[in-house]
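This is what each chain is made of:
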Amino acid sequence: ESEPKKRPSLASGVIVSSDGYIVTNNHVVDNAVEIKVFLSDKREFKAKLIGADPKTEIAVIKIEENNLPTIVWGDSDKLQVGEFAIAVGNPFGLNQTVTMGIISAVGRANVGIADYEDFIQTDASINPGNSGGPLLNLYGEVVGINAAIVASGQGIGFAIPINMAKEVAPQLQKQGRVTRGLLGV
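Residues numbered from 1 in each chain as written. Predicted model: local features only at pLDDT ≥ 70, side-chain atom pairs only at ≥ 80, totals over all residues. Heavy atoms only, no water.

(A) A look at the overall build of the chain. When helices and strands are tallied, the chain shows 2 helices and 11 strands. Each helix (α) and strand (β) of the chain, taken in turn from the N terminus, gives the series β-β-α-β-β-β-β-β-β-β-β-β-α. Compactness check: the chain gives a C-alpha radius of gyration of 16 Å against a globular reference of 16 Å for 185 residues, within 12% of the reference. For the chain, the spread of C-alpha atoms along the principal axes amounts to about 50 × 45 × 45 Å. Residue burial in the chain is summarised as follows: out of 185 residues, 44% are buried. Long-range contacts, defined here as pairs at least 24 residues apart, represent 58% of the contacts in the chain between residues at least 6 apart. Positive and negative side-chain charges of the chain, numbering 16 and 20 respectively, have mean locations separated by a distance of 5 Å. (Helix = DSSP H or I, 4+ residues; strand = E, 2+ residues; numbered from the N terminus. Rg over C-alpha atoms; globule rule 2.2 N^0.38 Å. Buried < 20%, exposed > 50% of the residue type's maximum accessible area, 1.4 Å probe, protein only. Contact = heavy atoms within 4.5 Å. Lys, Arg positive; Asp, Glu negative; His and termini not counted. Charge placed at Lys NZ, Arg CZ, Asp CG, Glu CD.)

(B) Structural view of the sheet that holds strand E1 (residues 14-15). Taken in spatial order, the 5 strands of this open sheet run E1-E2-E5-E4-E3, and their pairing is antiparallel. Of all strands in the sheet, those bounded by a partner on one side alone are E1 and strand E3 (35-38). Where E3 and strand E4 (residues 44-53) come together, 4 bridges link them in antiparallel fashion. Bridge pairing in E4 places Ile35 opposite Ala47. Of the strands in this sheet, strand E2 (21-25), E4 and strand E5 (58-62) touch helix H2 (residues 162-175), which is tilted by about 50° from E5. (Pairing = 2+ DSSP bridges. Axes fitted to C-alpha atoms, helices over the stretch in contact; angles between N-to-C directions.)

(C) The arrangement of the pairing of E4 in detail. Here E3 folds back onto E4, and the loop between the two strands holds 5 residues, one of which, Lys42, carries a positive phi near 80°. Judged from the 5 bridges that link them, E4 and E5 form a sheet pairing that is antiparallel. Across the sheet, Ala52 pairs through a bridge with Ala59, a residue of E5. What sits between the antiparallel neighbours E4 and E5 is a turn of 4 residues, in which Glu57 has the positive phi angle 70°.

(D) A look at a nonpolar patch on the surface. Nonpolar side chains collect at one region of the surface, where Phe84, Met100, Ile102 and Leu138 lie side by side and expose about 380 Å² of accessible area between them. By relative accessible area, which is 41% here, Phe84 ends up partly exposed. (Patch = residues over 30% accessible without salt bridge, like charges linked within 9 Å, V, L, I, M, F, W, Y side chains within 5 Å. Areas by Shrake-Rupley, 256 points an atom, 1.4 Å probe, with all protein chains shown as cover. Salt bridge = Lys/Arg side-chain N within 4 Å of Asp/Glu carboxyl O.)

(E) Representation of the pairing of E5 within the structure. Within E5, 5 of the 5 residues are buried, which leaves the element mostly enclosed by the surrounding structure. With burial as the criterion, each face of E5 is covered, one bearing Ile58, Val60 and Lys62 and the other bearing Ala59 and Ile61. Judged from the 5 bridges that link them, E2 and E5 form a sheet pairing that is antiparallel. Bridge pairing in E5 places Val23 opposite Val60.

(F) Highlighting H2. End to end, H2 covers 20 Å across 14 residues, agreeing with the expected 20 Å (1.5 Å per residue, within 8%). Buried residues of H2: Ile162, Asn163, Met164, Ala165, Val168, Ala169 and Leu172, and no others. Tucked inside the fold, the buried residues of H2 contact E2, E4, E5, strand E10 (142-149) and strand E11 (157-161). Looking at the residues trailing H2, positive phi occurs at Gly176, about 80°. (Expected span 1.5 Å × (residues − 1).)

In short, the description is geometric, and any link to function would need to be established separately.
Below you can see the structure in the form of structure tokens.
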């Protein structure tokens, strides 16, 4: 039996607080041995996994740094089909790539990515490495967290609505997991 091979992978994230909390996708950090964060100013940090929620595909990591620039939260409930969207990330390791498209659909479910699906569909280019990065509106507000693409569908990408991330991320920051009520009916 051979050991599984370690391989580096690149992805993106969104700094949500000036003291180093970063939101990304669960699949980005799932089974990670080591997490490194590279900022746009070329600084490099080791990150710690704070919590992950596979049911929504959201994870929170933290770096030890203060006075970081943070995002401006948007309201994903106000998104309309046809509205412009901007995806930012590191597709194929090409740092700080920005692509533009439109919101193709909202409330997309049955995609097979997470248990709780309410995805924003966009044709802004989302490729491997964009996962965990921001989907912005034209005001520069983050309205989604880029999550996945349809491999066979040219230009079909999905983002987690930022309003869902706004609910999940604070729970992950405080307790490392999300608490949900269950009704046994």
